[in-house]
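Next come the chains, spelled out residue by residue.
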Amino acid sequence: MKSPYFDISQPLMEKWKSQLNQLSADKQRLESWLFVQASGVLFVGKTGELIILKKDVFRMPVYDMTRSIGLFCGFWGLRYKVLVDSAHSMKVIIYKADAVERRLQRASKKFLHCYLCYPFGLSATTFLHEVGCRWKRDGRVPHEIGIALGYPLKDVWGFMGFRRCHYQGSCGWQIFGDPQYSMNMRARFDEARKAAVGLLNAA
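Conventions and cut-offs
Residues numbered from 1 in each chain as written. Predicted model: local features only at pLDDT ≥ 70, side-chain atom pairs only at ≥ 80, totals over all residues. Heavy atoms only, no water. Helix = DSSP H or I, 4+ residues; strand = E, 2+ residues; numbered from the N terminus. Contact = heavy atoms within 4.5 Å. Pairing = 2+ DSSP bridges. Axes fitted to C-alpha atoms, helices over the stretch in contact; angles between N-to-C directions. Parallel < 35°, antiparallel > 145°, perpendicular 65-115°, else oblique. Phe/Tyr/Trp six-rings, centres within 6.5 Å; stacked < 30°, edge-to-face > 60°.

S.K.: It is not clear to me how the environment of G40 should be interpreted in this structure. Could you clarify?
M.R.: Mapping G40 onto the fold places it in helix α3 (residues 39-43). In the structure, G40 is positioned 153 residues away from R193 in sequence and 6.8 Å away in space, judged by C-alpha atoms. In this view, G40 contacts G45, K46 and A192; residues no more than four positions away in its chain are not counted.

Structure below.
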């Protein structure tokens, strides 16, 4: 099953859908939703995806939700971290650890360590742990999470005011400097989401 954007093994997809059909209706709904939300990570190399699970929508105990996320990620070779667990929602990042670590290596050391005061020697685990701590402490999402979400670094640093780039518009995140790369990336993410919906609906 091929497209210009991704290639997924049909046997793997069939195995996942077979397992999906054995779950309760609530767990099927959650895993299907996760599949669409994480499509960029699964299919087109997006580093991570921030997912907000509203507890009144899924109406499942937190333990069952996190277990379902863990099983989903385990099947697809991904990792997850609950960044913030509030009364009404869970903010979770689903990610590829090696991809996050490559992004951290490419990120400006001056911005990351001197301006933002992150420690040296960061791994995906320690970076996301610190992001979660800062989010809970400050009550707002740290913008540097964009590193782990795979946004162009020029857009992450431009949004934070660390680089003097002109604002060029928005495509789900704010674009700074040359917009073409960002727009192409967004098109890949959108295509992956459409493909994920099609795969779910396929007989």
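S.K.: Even after reading the chapter, I still don't get the sheet that holds strand β3 (residues 89-95), so can you show me in this structure?
M.R.: The strands that make up a sheet pair up through hydrogen bonds in the backbone, lying either parallel or antiparallel. Taken together, the three strands give an open sheet; going across it, the order is β1-β3-β2, and neighbouring strands pair in antiparallel fashion. Edge positions in the open sheet fall to β1 (48-54) and β2 (79-85), since each of these has one partner strand only. Neighbouring strand axes in the sheet, compared pairwise and without regard to direction, differ in orientation by 25° on average. Pairing between β2 and β3: six bridges, direction antiparallel. Looking at the pairing, Y80 lines up with I94 of β3. Contacting β1 and β3, helix α2 (residues 25-37) crosses the sheet at an angle of about 145° to β1. Here helix α8 (residues 124-138) sits on the sheet and contacts β1, β2 and β3; the angle it forms with β2, its principal contact strand, is near 15°.

S.K.: Is there a simple way to think about the packing of α2 against helix α10 (residues 180-201) in this case?
M.R.: Each packed pair of helices is defined by two parameters, the angle between the axes and the distance between the axes. In the contact formed by α2 and α10, the axes pass within 8 Å of each other and the chain directions differ by 150°. Classified by the interaxial angle, the pair formed by α2 and α10 is roughly antiparallel. Contacts between α2 and α10 involve S32, F35, V36 and Q37 on the former and, on the latter, R193, A196, V197, L199 and L200.

S.K.: What is the right way to read unusual backbone geometry from this model?
M.R.: Glycine aside, negative phi is the norm for most residues, and most peptide bonds take the trans geometry. Look at R59: it is not a glycine, yet its phi comes out positive at around 50°. Among the secondary structure elements, R59 is positioned in the loop between α4 (55-58) and α5 (62-76). In this model, C117 sits at a positive phi of 65°, which is unusual for a non-glycine residue. Its location among the elements puts C117 in the loop between α7 (109-115) and α8.

S.K.: I would appreciate a short explanation of the packing of aromatic side chains in the present structure.
M.R.: The description of two aromatic rings rests on the distance between their centres and on the angle between their planes. Under the defined criterion, the tally for this structure stands at 16 aromatic pairs. Both rings, one in F111 and one in Y115, keep their centres 5.4 Å apart while their planes meet at 35°; by these two values the pair is tilted. Linking F111 with Y115, this pair stays in helix α7, spanning four residues, or about one helical turn. On the basis of an interplanar angle of 45° and a centroid distance of 5.3 Å, the ring pair of Y118 and F127 is categorised as tilted.

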